[in-house]
Each structure stands twice: as structure tokens, then as C-alpha cells.
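If you want the building blocks of each chain, they are given just below.
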Amino acid sequence: MSTTLTAEHILALAPDSGSAQAGHGLAQLRKWERLGQSEYAVWGECQGSGKDLYRVQIDLREPAFRCSCPSRKFPCKHGIGLLLLLAAQPASFATNEPPPWVTEWLNKREQASTKRAEPPSDSTAATSKRTTTRAKSSASREANVSAGIAELERWMNDLIRQGLATAQSRTASNWESVAARLIDAQTPGLARMIRQLAGIPASGAGWQARLLRNMALIHLLVEGYKHRDRLAPDLLAELRTQIGWAQDQEQIRSNPGIHDTWVVLGQRMLEEEQLRVQRTWLWGIETERQAVILAFAAPGQSLDRSLVPGTLIDAELTFFRGTFPLRALVKERETPPQTMEAMPGYGSIRAAIAHYAAGLALNPWLETFPCPLQQVIPQHTPHGWSITDQEGVSLPIATADIQGWRMLGVSGGHPISLFGEWDGEQLHPLSAWAEGQFVRLGERQKRIAHSA
Amino acid sequence: MSSEAWEDLVTTAVLGTERRRVAVPTSEGGLGLALRHIDSSLGAEQAILSAAAMFTAFQQAGRLPEGRVASAPSLAPSELRQQCSARAAQHLQAMLGGSQRDILSEWLMLLDNAGLCVPVSRLPELLEAGRAQAHLRPLVRAVVGARGHWLASQNRDWEYAALDQTERSQSWETLTQIWEISSRPVRVALLETLRMDRPEQARNLIATTWATEKADDRAAFLGMLAHGLSMADEPFLETALDDRSKEVRTIAVDLLLRLPESRLVQRMITRVSPLLGWVAAAPSRLLGLQKGRPSTIEVTLPEQCDKTMVRDGVDAKPVMQHQKLGERAQWLLQMLRTIPPQHWCTEWHTTPTELLDAANRNEWKSVLEAAWISAIQNNSDSAWAEALLQSDPTITSLFPVLPTERQEAFLLGLLHDLHGPLTQSAALALLQQTTHLWSAELTRAVLRAVHKHMISHQNQRDYQLLNAFDTFARRIPPVLVHEVASGWPAEQPTREHWQGAIDRLLITLHFRHDMAEAIIKEQP
């Protein structure tokens with residue numbers, strides 16, 4: 001089996017530009033020995049800088065990499081090099097029985113994935129003990145949350161009573177102490193919203209209306225929580241997620257999922273307080289379902305790169321519960337990634353906004369809406385960037401200048417397909433499809449400071 | 001109207017329910033219906049927040065994007081050149097991303113020669129590179145294609161690339177129109193292009209608006225006459241000597257120096273001739289009893305620096321010091337450097353060797369040598385440059401004057417006669433001055449010398465040579481990469497000292513080899 005990934009896709013898997021470059025340099029036959037391939041794996045041995053021969057292998061279904069070199073980067077340059085070599089010169093990989101060090105790894109992976117698919121099962125005693133512990137800690141959390149929310153309600157009422165004008169004179173530590181108490185009350189979602197509120201009084205003209213709006217959305221959560229016994233299950237799930245309960249990923253993964261061919265539309269990486277968050281957006285071709293896969297990395301860690309924008313994957317996705325479910329997990333990947341051949345999307349901006357409104361109606365706390373648009377023309381105006389659709393309707397674009405120029409450049413004044421995140425005010429472009437090519441518009445991940 | 005109701009609600013919230021009496025807002029339609037559900041008995045603050053929540057949901061979901069019909073965007077013209085292959089695009093991306101950035105100009109030239117253009121998605125980074133490094137601009141201009149010119153014309157920072165090559169075949173009328181409306185970067189680019197095959201048109205364009213241009217614009221345009229400079233430009237440059245701006249006058253002088261037949265140089269000859277005299281050699285007589293005398297140069301320093309000298313570029317109070325020379329010596333130096341040394345040979349019926357010998361023995365040796373080195377550079381007199389280098393190979397500034405074949409011959413000579421360590425030879429510095437692709441012969445000679453040096457000086461960490469490897473990596477023809485990879489001394493610890501530098505050299509050569517192959521193999 002070979003790979004249908006192009007060299008550009010493969011290089012996009014690299015954790016930083018240095019690895020990509022080094023990988024490119026290693027994609028030469030003379031660096032490798034005992035290359036081979038089987039149904040869905042490739043392997044080879046690569047000359048390191050000393051006398052060492054590194055053993056490199058790839059499970060093509062994801063692709064997943066493994067290398068015996070000491071680098072902590074993932075995938076390392078040897079993995080990138082091997083995959084590039086496979087893409088360029090598949091004939092050099094003889095179809096063989098994999099050597100023991102390959103079969104060992106592949107078997108381990110099989111076991112791990114079957115284990116993940118099954119719901120956890122163990123002895124009744126252990127299960128009941130776990131259930132009791134869980135019940136105790138969840139009861140205590142409920143108590144904390146109730147108390148925290150009651151206090152938040154009082155705090156918000158005070159602010160409304162005294163007037164929002166007083167918000168401008170509150171200090172940063174004043175806001176932070178409210179947020180800190182919400183963390184203590186085990187409601188991190190609410191704490192994040194308070195931290196967002198803190199920045200509004202200084203945000204310029206119209207801050208009063210913005211502050212009121214954001215407080216109103218928090219108020220909905222407070223009210224919802226007070227009446228949680230009466231809420232439909234999906235709404236309750238959404239409420240709890242917004243407040244800060246994490247959903248049980250094991251549970252979600254074990255649910256039946258949605259099979260489809262998913263287009264990996266685009267990817268956005270954000271830095272958030274000591275953590276990097278990566279959102280990868282998927283669009284199901286048959287089901288027209290949209291999904292977002294979240295990945296996190298602490299400083300020094302690499303983000304998961306297994307989903308490459310501009311590719312198609314056959315996969316089963318399971319969704320987190322909510323009123324407008326977007327967040328999902330990849331339960332099972334069924335084939336290696338293929339290259340995209342067209343970009344799906346809304347035929348007009350009005351259609352996209354109508355879908356956004358429908359989403360908001362289900363989830364008023366919706367912050368980021370996936371917005372692929374077909375046949376739009378990017379423009380550069382004195383006020384900034386915008387796109388216009390075939391009906392003459394325009395949307396404002398928020399982007400770094402260089403990406404805006406790229407967007408304009410690939411369109412040449414002609415209509416293109418564009419995918420971005422809509423936040424209710426601006427579209428943040430992440431990818432485009434123009435003249436039969438997929439173009440990434442988000443910023444590349446910056447170089448991680450590793451010692452290679 | 002719901003927006004009034006909303007404004008009212010915000011005002012109430014801003015002032016506070018303590019100060020303002022609350023009435024639950026009303027509205028029509030679905031919003032009004034929802035608002036009526038608010039139970040005001042729960043408290044004024046709750047009522048406000050609940051109402052705000054409904055307004056928010058209503059506004060967010062109901063907001064329609066602007067229906068304004070934006071002005072129709074311009075369409076990019078169709079591409080005349082083919083885009084380079086995906087593999088070549090990867091090389092470009094690597095270079096723009098920071099690795100092997102010095103190779104970028106070589107890559108751009110290869111692409112232009114192959115008649116290809118860059119992929120559209122990489123245009124912003126490439127145009128930015130041209131903005132940041134002026135020497136890349138002509139190369140960037142050549143390969144951005146029709147789409148690139150279109151894109152560049154919309155960004156002030158990239159205007160240098162806005163014009164395409166067809167501009168230079170335009171009629172005079174069109175050219176003057178473009179000239180009148182364009183900004184400086186566009187006009188500079190236009191001049192550069194025109195000077196290649198219609199130099200007089202370029203000069204005439206400059207002349208059309210000369211009187212009304214700002215000083216730094218005048219300076220920029222005048223500087224463009226350096227391309228394709230000829231005696232036809234002399235009259236214009238002569239008038240520029242009287243310009244109001246010192247910068248413009250300096251440029252005019254710099255350019256006139258390169259034209260030995262210009263009036264400026266003739267005036268200098270008139271001034272300097274009375275100051276220098278040649279006393280021919282006297283042979284020995286009376287069977288050696290009366291010793292011979294070698295030829296000498298008699299030097300008189302100028303008495304004053306008058307207005308005509310200043311007009312011709314002499315600085316009465318020079319800031320640049322040439323080794324503690326006095327004021328009058330500096331005036332002589334400034335004048336002498338405008339006159340090609342060949343003039344003195346012709347005037348005094350002597351040979352270059354004799355002239356240089358005489359200068360060597362003169363008390364004003366430093367003035368004479370500095371002046372002539374400067375003159376040779378200005379006139380690109382390669383015969384003289386070589387003569388001086390033969391006697392003193394450390395005058396690296398003259399090396400670029402030699403044509404590449406002579407450079408190679410000179411270097412081969414030095415490398416062949418190498419006695420001491422390579423790092424103490426003038427060859428190393430001169431090798432780093434080369435800008436052309438080396439021949440196989442030169443490459444092999446350099447490698448032999450480097451190998452020898454490594455073996456005989458293995459304990460030294462030679463930073464000078466290590467750094468020189470960076471230059472070698474860009475000059476060695478990539479086809480020789482396999483030859484270069486072998487033959488390095490294998491003994492430790494020599495090999496260990498040098499391994500890093502060798503690896504980097506080979507990586508660069510492989511990269512240049514791959515990038516050339518990616519372009520040439522997939523040429524249309």
C-alpha cells in the first residue's frame with residue numbers, strides 16, 4: 001500500500017519548520033536500508049549522525065509514526081523523511097513480511113484500539129466501589145457548583161443594581177477574585193466567561209452594550225442551572241458543558257458514531273493561558289454534519305497532527321452531547337487520508353448566516369461557527385479585508401495581513417471557496433480552494449524551542 | 001422599535017436599578033412575545049438580565065450581513081508563464097521559511113531562465129522578501145507572473161513589482177503617462193527596466209519632471225543612470241553638478257567618474273597635470289662609477305580648494321581620513337582618483353610596471369596607491385586591476401574588477417603555489433569575493449587545498465576557514481556534489497573538527513542540486 005498524501009501534506013505533519021526541512025533532506029534513498037512495506041505499514045532503517053541505525057516505521061492508516069531515535073519531536077524528521085520517500089518512490093519499498101520490531105508495534109496498536117472501543121469492564125466490586133466514589137465526589141461537586149452559582153447570581157445582581165458604569169472602576173484583581181472563586185466552585189467555564197467580561201469595560205466604544213450582552217448569556221446559564229430539573233437532557237448536557245463539566249470521553253467513544261467521508265476543512269491554533277488549543281474542522285460529505293476535533297498541548301508538548309487540512313478521511317466520529325453538537329472524537333479511522341477534490345460549503349452568505357442563526361437558537365452560547373462558503377470574492381478595502389458573494393452580500397474578514405494577501409492572490413479577483421470561523425462579527429479565514437488547489441490561510445505553528 | 005428599547009435597557013443597566021426605575025421593555029413580534037414572559041416579581045435585576053438575554057439572542061441571530069454591493073474588484077490578467085512544479089515550490093517555501101535563504105537569488109534566476117513563475121499561494125512571502133532586500137527585487141519581478149504584478153500593484157510595499165516586462169515596449173506617450181501618475185518605487189522599477197534596452201528614453205523620462213521633483217526622488221532617479229551608463233548621459237549629469245541637493249550632486253560626480261571622457265575628468269586632468277611630474281630613469285654611466293637613478297614621480301600638493309573643484313566633487317573638509325593625511329594631500333587624492341592611471345602611462349610614455357615601481361618609492365605612496373585603486377574600480381579597468389593584484393594580492397577590493405575567467409586563473413595560480421596554511425594565503429579572502437559559479441577545475445583545486453590544510457593543521461579550529469565554507473557552498477557547481485562528498489581526510493580528530501562544516505556544505509549542495517533539478521526537469 002502506498003500513500004495518497006502529497007509531499008505538502010506530509011510536510012504539514014511536521015511539528016516545526018526545522019523538522020520539515022530535515023525530513024526533506026532525509027527523503028533520499030541513499031540514507032535508508034532495508035525498506036519495506038506491507039498492507040498498511042512501511043518501515044526502514046535510517047543512518048543517524050553517528051554510527052546508529054534508527055528503526056523507523058509508519059502505520060499508514062492514520063498515519064502514526066514510531067522511531068527509535070532520541071528526538072522528542074513527534075513525528076521526528078526520520079518519520080517525515082520515510083513518508084516523503086514513500087510518496088516519491090514507492091517502488092523502492094519491496095512488499096515483504098514485516099520484521100519483528102514492526103509486527104510487535106502494530107500488534108500493540110491493535111490491542112490498544114480494541115481496548116479503547118470496548119466500554120470499560122471489570123469486576124463488580126471494583127465497579128461498585130468506583131461508582132460510590134464517583135457518586136460522592138459528584139455530589140460534593142454539585143454542592144460546590146450550586147453555592148458558586150448562587151454567589152455569582154448575587155454578584156451580577158449587585159452590578160446591575162449599582163449600574164454598569166461602576167464596572168470601569170473595578171480593578172483587575174477585583175475581577176480575578178470573582179473568577180478565582182468560580183474556579184474553587186468547580187465551574188471553570190463560568191470563570192473563563194468572567195475573565196472575558198473583565199476586558200470589556202476597557203474595550204472602547206459600545207462597551208456597555210457588550211458587557212450587558214455577555215452578562216445576559218451568563219445569566220441564562222445561572223437561570224438554566226436553577227431550573228435544571230426541568231431541562232431536556234441535551235439542553236442540560238449543554239448547560240453543564242458551558243459551566244465547566246467535562247464529559248466522559250471514554251463513554252463518548254464507546255457510543256455508536258457517525259460514519260462518513262469527512263473533509264478536513266481547516267485548522268486553527270490558539271494560545272490560551274499556558275495551553276495551546278487546536279481546532280480541526282470536519283465536514284461530512286454525505287451527512288453534511290459539521291464537527292470540530294479539539295487537541296491540547298502544554299508548553300513543550302507537540303499538538304496532534306494526524307488530521308491534515310485539505311484531505312478526506314473515512315472515519316467514524318462520536319459527538320459530545322449538547323443542543324447543537326459540534327465537538328467530536330475520531331472513534332475509528334477507516335482508510336488512509338485522500339486528497340480533497342472540491343470544497344463543500346454554503347452557496348451564499350445569507351444561507352450561512354441562516355444556519356448560524358439556527359445554531360444560535362439551539363445553543364445561545366455558541367462562540368465559533370464553521371463557515372465554508374462557495375463562490376466568494378475577497379477584497380482589500382481601506383477598512384480592511386472582506387468577501388463578497390454572488391448576491392453582492394459582504395462579510396468582514398479578520399486576518400493577519402499576509403494571509404489576507406494570500407487570499408487575494410489565490411483568487412485574482414475571481415470567485416473562490418473559502419472556509420473560516422464565524423464569531424458573529426467577523427470571519428476568521430482558515431483555508432481556501434482556488435483553481436483546483438487547497439490553500440492554507442491560518443498561521444503556521446511557530447517553531448517550538450526544542451533541542452533536537 | 002426594538003433598537004430604542006434596547007438602548008433604553010442598556011441605559012438602565014448602566015445607571016443601575018438603584019437610580020432608575022425599571023419597566024420591562026416591550027417590543028413587537030416574537031421578541032415582544034418572549035419579553036412578556038418575564039416575571040418582574042423576581043426582582044428588577046433579574047428582569048433586566050432576562051430581557052437582555054432575549055434581546056441578545058434576537059439580535060445575534062437576526063443580524064444580517066451588509067447587502068452593500070462592493071465595487072467590482074479588478075480581475076487579474078491571465079498568466080503567460082507556467083507555474084513551477086510542486087517540488088520546486090517546496091524549495092521556495094523552505095527558503096522563504098528561513099533555511100538556505102542565501103540561495104534564494106540563485107533559485108529565482110534558475111526559475112526565470114526556465115521561463116517559469118512562482119506558485120500563486122507563495123506570492124506574499126516572496127514579495128515581502130523583495131521589499132526587505134532590495135537586491136532581490138529585479139529577480140522577484142521577473143518571476144511573480146501576471147498574478148504577481150496584479151497583486152503587487154494593490155500594496156504600497158510591493159509597488160516595486162507592479163510593472164511587468166511589457167511596459168518597456170510601450171510608446172513614449174504611454175510611458176510619460178505612467179511616469180506622471182506613479183509613485184517612486186514604480187518609477188524606479190520602470191527606469192531600471194528601460195535602461196536595459198532603451199536607456200535614452202529612461203533619461204528623457206527623468207528629464208520631463210526633473211525641475212518639480214523632490215530632492216530624494218531626484219537622487220533616486222539619477223542613481224538609476226548607473227545602469228547602462230554611457231557618454232550619452234554625460235550632458236545631463238554635468239548639469240546635475242549644479243543641483244540644489246548635495247545628495248544629487250554627489251551621485252552626479254560618482255557617475256561622471258566612471259566616464260573617462262567626461263568634461264569632469266578632463267577638468268581634473270587639467271588641474272592635476274601641473275602637480276605631478278615624471279623624471280625618467282637615468283641609466284648608470286661611466287661603467288658603473290656613476291650610479292643609475294630609477295624613475296621618480298614628483299608630487300606637488302595643491303595650494304587651495306577652489307569653487308570649481310568643489311563643484312567637481314572635491315570635499316574641502318573631508319571627513320574620511322586616509323591615514324593621517326593632511327588637508328592638501330586629501331584634495332590631491334580626491335582629484336587623482338578621478339583619473340585612470342593609464343592616462344599617466346600614456347602621458348609619460350612609461351609602462352604600468354615602471355609607474356607602479358616609481359609610486360612605490362614615493363613619499364606620497366599612500367596617496368598615489370589609494371587614488372589609483374579607486375580609479376581602477378571606477379573604470380573597471382581589469383588589466384590594471386590584475387597588475388596591482390599580482391604585486392599585492394591582498395587588495396581584495398580590486399578583485400571584483402577582473403572578469404571571471406581572469407579571477408579563476410588568478411586563484412588557480414595562488415592555490416597552485418600555496419606554501420603555508422590556506423588561512424594565511426590571500427587566496428582565501430579572494431575566494432570569498434567571487435560571485436560566479438566556479439568551474440570544476442577551481443572547485444577541485446580549492447578542495448585539494450582545503451584537504452591539505454586539514455591534514456597539516458589538524459589541531460587548529462579555524463573559524464576563518466569554517467566560515468568560508470558558507471561561501472564555498474554557494475559557489476561550487478551542484479553537479480559536483482558526489483565528488484565533493486568524498487576525499488575528506490578520515491583521520492580523527494581532524495574529521496571530527498570539521499564534520500559539522502562538511503555536513504552543512506553537503507546539505508547546501510544537495511539542496512542546490514535538488515532545486516535545480518526540480519526546475520529544469522519539469523520545464524515546459
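About the thresholds
- Residues take numbers from 1 onward in each chain, read along the sequence in its written order.
- Naming scheme: in the order in which they are written, chains are lettered from A and ligands are numbered from 1.
- In keeping with the model being predicted, local features are shown solely for residues with a pLDDT of at least 70 and side-chain atom pairs are shown and tallied solely at 80 or more, while totals for entire chains, interfaces and linings include all residues.
- No hydrogens and no water enter the side-chain calculation; it runs on all heavy atoms of the structure.
- Working definition: helices are DSSP H or I runs of at least four residues, strands are E runs of at least two. Numbering for both runs from the N terminus.
- In this treatment the radius of gyration is a C-alpha quantity, and the globule benchmark scales as 2.2 Å times the residue count to the 0.38 power.
- Whether a residue is buried, partly exposed or exposed follows from its accessible area with a 1.4 Å probe, protein chains only, as a fraction of its type maximum: under 20%, in between, or over 50%, in that order.
- The contact rule is simple, with two residues in contact once any of their heavy atoms fall within 4.5 Å.
- All accessible areas in this document rest on Shrake-Rupley with a 1.4 Å probe, and a residue is counted as covered only by the protein chains that are shown.
- As a working definition, buried area equals the accessible area (1.4 Å probe) given up by two parts on being put together, with both sides summed.
- Definition used for salt bridges: Asp or Glu carboxyl oxygen within 4 Å of a side-chain nitrogen of Lys or Arg.
- Buried residues of nine kinds, namely Ala, Val, Leu, Ile, Met, Phe, Trp, Tyr and Cys, make up a nonpolar core once their side-chain atoms join them within 4.5 Å.
- To estimate how far a helix should extend, the number of its residues minus one is multiplied by 1.5 Å.
- Bend is the name given here to the angle between axes fitted to two runs of seven residues, the run ending at a residue and the run starting at it.
- Orientation is described by lines fitted to C-alpha atoms, with helices fitted over the stretch in contact, and by angles between N-to-C directions that extend from 0 to 180 degrees.
- Any angle between 65 and 115 degrees counts as roughly perpendicular, while under 35 counts as roughly parallel, over 145 as roughly antiparallel, and the rest as oblique.
- Here a crossing is taken to be left-handed if its near helix is turned anticlockwise relative to the far helix by less than a right angle, and right-handed if that turn runs clockwise.
- Throughout, the ten residues Ala, Val, Leu, Ile, Met, Phe, Trp, Tyr, Cys and Pro are labelled nonpolar, Asp, Glu, Lys and Arg are labelled charged, and all others, Gly among them, are labelled polar.
- Cysteine sulfur pairs qualify as disulfides if the two atoms are within 2.5 Å.
- Pairs of N or O atoms are called polar contacts if they sit within 3.5 Å, as long as, within protein, a hydrogen donor faces a hydrogen acceptor (for residues adjacent in sequence, only side-chain-to-side-chain pairs).
- A pair of strands is treated as paired once DSSP finds two or more bridges between them.
- The aromatic pairing rule takes the rings of Phe, Tyr and Trp, using the six-membered ring of Trp, and pairs them if the centres are within 6.5 Å, calling planes under 30 degrees apart stacked, those over 60 edge-to-face and the rest tilted.
- Two limits define a charge over a ring: the Lys NZ or Arg CZ must be within 6 Å of the ring centre, and within 35 degrees of the ring normal.
- A residue's pLDDT is simply how confident the predictor is in it, with values from 0 to 100.

Colleague: Lay out the overall build of chain B with the relevant residues and their values.
Modeller: Of the regular secondary structure elements, chain B holds 27 helices and four strands. For chain B, the C-alpha radius of gyration of 35 Å lies well beyond 24 Å, the compact-globule estimate for 524 residues. Residues classed as buried in chain B amount to 49% of the 524 residues present. Put simply, of all contacts in chain B between residues at least 6 apart along the chain, 65% involve residues at least 24 apart. Carbon and sulfur atoms make up 52% of the accessible area of chain B, which totals about 25800 Å².

Colleague: Just give me the short version of the overall build of chain A, but keep the residues and values in it.
Modeller: Within chain A, the regular secondary structure consists of 12 helices and 17 strands. Looking at chain A as a whole, 49% of its 452 residues are labelled buried. A separation of at least 24 residues holds for 63% of the contacts in chain A among residues at least 6 apart in sequence. Working note: accessible area of chain A is about 20700 Å², and carbon and sulfur atoms make up 51% of it.

Colleague: How would you summarise the interface of chain A and chain B if you had to cite specific residues and measurements?
Modeller: Taken together, the contact pairs 54 residues of chain A with 55 residues of chain B. When the two sides are added together, the surface that chain A and chain B hide from each other amounts to roughly 4600 Å², 59% of it contributed by carbon and sulfur. The interface formed by chain A and chain B includes three salt bridges. When the shortest N-O distance is used, the salt bridge between B:R147 and A:E435 registers 2.9 Å.

Colleague: Describe in detail the nonpolar core, supporting the description with residues and values.
Modeller: Among the nonpolar cores identified, the biggest contains 109 residues, and B:L222, B:I297, B:F469 and B:F472 are the most heavily contacted of them. For this core, the element with the most residues is helix 24 (residues 440-456) of chain B, which contributes seven residues. Apart from the residues lying within four places of it in its own chain, the contact partners of B:L222 are B:W210, B:F236, B:L237, B:A240, B:V248, B:I251, B:A252 and B:L255. Membership of the second largest hydrophobic core comes to 78 residues, among which are A:W405, B:L126, B:V143 and B:M515.

Colleague: An account of the pattern of salt bridges is requested, with residue identities and associated values reported.
Modeller: All names here are of chain A. Under the definition given, this model contains 41 salt bridges over all chains. A salt bridge links K226 to E223; the shortest N-O distance between them is 2.8 Å. You can see K226 and its partner E223 sitting in helix 8 (residues 207-226), three residues apart, about one turn around the helix. A residue is classified by how much of its surface remains accessible, and K226, at 39% relative accessible area, is partly exposed. With relative accessibility at 16%, the residue E223 sits in the buried group.

Colleague: How would you explain helix 3 (residues 44-62) of chain B if you had to name every residue and give the values?
Modeller: Each turn of an α-helix holds 3.6 residues, which means side chains three or four residues apart point in the same direction. Under the 1.5 Å per step criterion, the end-to-end length of helix 3 of chain B is 27 Å for 19 residues, consistent within 8% with the ideal 27 Å. When we look at burial in helix 3 of chain B, the residues that qualify are B:E45, B:Q46, B:A47, B:I48, B:L49, B:S50, B:A51, B:A52, B:A53, B:F55, B:T56 and B:Q60.

Colleague: Got a sec to walk through helix 27 (residues 494-521) of chain B? Specific residues and values, please.
Modeller: Between its first and last C-alpha, helix 27 of chain B extends 39 Å over 28 residues, near the 40 Å set by a 1.5 Å rise per residue. Its axis deflected by about 40° at B:G500, helix 27 of chain B carries its strongest bend there.

Colleague: Could you give an account of the packing of helix 17 (residues 327-336) of chain B against helix 20 (residues 365-379) of chain B, with specific residues and numbers?
Modeller: Residue and element names in this part refer to chain B. Direction vectors running N to C along helix 17 and helix 20 enclose 30°, while the axes themselves pass 8 Å from each other. The orientation of helix 17 relative to helix 20 falls into the category roughly parallel. As for how helix 17 packs across helix 20, the hand of that crossing is right-handed. For the pair helix 17 and helix 20, the contacting residues are A329, L332, L333 and L336 in the first and V367, L368, A370, A371 and W372 in the second. Looking at the contact of helix 17 with helix 20, its residues break down into nine nonpolar, no polar and no charged.

Colleague: Describe the state of the cysteines, listing the residues and the values that go with them.
Modeller: Residues and elements named next belong to chain B. Summed over all chains, the structure comprises zero disulfides over all chains. Between C117, a free cysteine, and C84, which holds the nearest cysteine sulfur, the sulfur-to-sulfur gap is 7.5 Å. By relative accessible area, C117 is classed as buried at 1%.

Colleague: Now, about the side chain of B:S182: what can you tell me, with residues and values included?
Modeller: Checked against the element boundaries, B:S182 lands in the loop between helix 9 (172-181) and helix 10 (184-197). There is a polar contact of 2.6 Å between the side chain of B:S182 and the backbone oxygen of B:I178.

Colleague: Could you give an account of the sheet that holds strand 4 (residues 64-67) of chain A, with specific residues and numbers?
Modeller: Residues and elements named next belong to chain A. The five strands lie next to each other as 4-3-2-1-5, forming an open sheet whose pairing is mixed. The two strands at the open ends of the sheet, each matched to only one other strand, are strand 4 and strand 5 (94-95). Here strand 1 (residues 32-37) runs beside strand 2 (residues 41-47); their pairing, made up of four bridges, is antiparallel. Bridge assignment links G36 to a residue of strand 2, and that residue is W43. Of the strands in this sheet, strand 1, strand 2, strand 3 (53-59) and strand 4 touch helix 3 (residues 77-88), which is tilted by about 60° from strand 3.

Colleague: Can you explain the pairing of strand 6 (residues 258-272) of chain A? Please cite residues and give values.
Modeller: Residue and element names in this part refer to chain A. Note: strand 6 against strand 9 (residues 311-319), six bridges, orientation antiparallel. Residue pairing across strands places T261 opposite D314, the latter belonging to strand 9. Pairing between strand 6 and strand 7 (residues 275-284): 10 bridges, direction antiparallel. Bridged to E272 within strand 7 is L275.

Colleague: I'd like a rundown of the packing of aromatic side chains, residues and numbers included.
Modeller: Counted by the stated rule, this structure contains 19 aromatic pairs over all chains. On the numbers, 5.7 Å between centres and 75° between planes, the contact of A:W155 with A:W175 is edge-to-face. In this pair, A:W155 sits in helix 5 (residues 124-162) while A:W175 sits in helix 6 (residues 172-184), placing the two residues 20 residues apart along the sequence. The class of A:W155 is buried, set by a relative accessible area of 11%. Centre to centre, the rings of B:F469 and B:W498 are 6.1 Å apart; their planes meet at 20°, and the pair counts as stacked. In this pair, B:F469 sits in helix 25 (residues 463-475) while B:W498 sits in helix 27, placing the two residues 29 residues apart along the sequence. With respect to burial, B:F469 and B:W498 carry one shared label: buried. Ring pairs connect the aromatic residues B:W438, B:F469, B:F472, B:W488 and B:W498, which therefore count as one cluster. The cationic tip of A:R228 hangs over the ring face of A:Y225; the distance from NZ or CZ to the ring centre is 4.0 Å. It is A:R240 that lies over the ring of A:W245; its NZ or CZ is 4.0 Å from the centre.

Colleague: Which residues make up the side chain of B:Q407, and what are the values?
Modeller: All names here are of chain B. Relative to the assigned elements, Q407 resides in helix 22 (residues 404-416). Judged by its relative accessible area of 5%, Q407 is buried. Polar side-chain contacts of Q407 include one of 3.1 Å to the backbone oxygen of L402. Look past the residues within four positions of Q407 in its chain and what remains in contact with it is F399, P400, L402, T434 and H436.

Colleague: I'd like a description of the confidence of the model for chain A, backed by residues and values.
Modeller: Confidence in the prediction of chain A, expressed as mean pLDDT, is 87, and 93% of residues score 70 or more. Confidence over residues 445-452 of chain A falls short of pLDDT 50; this stretch has 15 contacts with residues more than four positions distant or in other chains.

Colleague: With reference to specific residues and values, describe the confidence of the model for chain B.
Modeller: As a general rule, the predicted coordinates of low-pLDDT regions are not to be interpreted in detail. Averaged over every residue, the pLDDT of chain B is 87; the share at 70 or more is 96%. On the interface metric, ipTM, the complex scores 0.83, and its pTM is 0.82.

Colleague: Explain unusual backbone geometry residue by residue, including any values.
Modeller: Residues and elements named next belong to chain A. Residue E288 is not a glycine yet carries a positive backbone phi of 55°. With a phi angle near 50°, E435 is a residue other than glycine that sits in the positive phi range. Structurally, the position occupied by E435 is in the loop between strand 16 (427-434) and strand 17 (437-440).

Colleague: Describe the environment of A:Q290, with residues and values.
Modeller: Residue and element names in this part refer to chain A. On the secondary structure map, Q290 appears in strand 8 (residues 290-297). Here Q290 falls in the buried class, since its relative accessible area comes to 12%. Every residue in contact with Q290, bar those within four places of it in the chain, is listed here: L282, W283, F319, P325, L326, Y346, F369 and P370. A polar contact of 3.4 Å, which involves the side chain of Q290, links it to the side chain of Y346.

Colleague: How would you explain the environment of A:L326 if you had to name every residue and give the values?
Modeller: All names here are of chain A. Among the structural elements, L326 can be located in the loop between strand 9 and strand 10 (328-333). Taking relative accessible area as the criterion, L326 reaches 9% and is therefore assigned buried. Taking the C-alpha atoms as reference points, L326 and Q290, separated by 36 residues in sequence, lie 6.3 Å from one another.

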